[in-house]
Amino acid sequence: MNISKIRSALYKISRILGNINAAKKGTAGKRIGRRAAGKITGKGLKKLFK
């Protein structure tokens, strides 16, 4: 196993744990909204600096 596979697996695990934590706290809606806003912002910046 190389570093990139380990790294991507750790990121996936952390995303899942974040979702579980948000569900327990009752803030899943905020998390979904923030992730959507982050994706839109990232796509806009990608187009701007491409």
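Above this note sits the structure.
Residues numbered from 1 in each chain as written. Predicted model: local features only at pLDDT ≥ 70, side-chain atom pairs only at ≥ 80, totals over all residues. Heavy atoms only, no water.

**Looking at the environment of Lys50**
Tracing the sequence through the fold places Lys50 in the segment after α2 (28–49). Along the sequence, Lys50 and Gly26 sit 24 residues apart, while their C-alpha atoms lie 38 Å from each other. (Helix = DSSP H or I, 4+ residues; strand = E, 2+ residues; numbered from the N terminus.)

**Some thoughts on the packing of helix α1 (residues 3–25) against α2**
It is the contact of α1 with α2, at a shortest axis distance of 8 Å, that shows an interaxial angle of 140°. The angle between the axes of α1 and α2 places the two elements in the oblique class. Only Ala28, Arg31 and Arg35 of α2 make contact with α1, whose side of the interface consists of Arg15, Gly18, Asn19 and Ala22. When grouped by side-chain class, the residues that make up the contact of α1 with α2 number 2 nonpolar, 2 polar and 3 charged. (Axes fitted to C-alpha atoms, helices over the stretch in contact; angles between N-to-C directions. Parallel < 35°, antiparallel > 145°, perpendicular 65-115°, else oblique. Contact = heavy atoms within 4.5 Å. Nonpolar A, V, L, I, M, F, W, Y, C, P; charged D, E, K, R; others polar.)

**Quick word on α1**
Here α1 is 23 residues long and its end C-alpha atoms lie 33 Å apart, about the 33 Å a rise of 1.5 Å per residue gives. Looking one or two residues beyond α1, the residue adopting positive phi is Gly26, at roughly 85°. (Expected span 1.5 Å × (residues − 1).)

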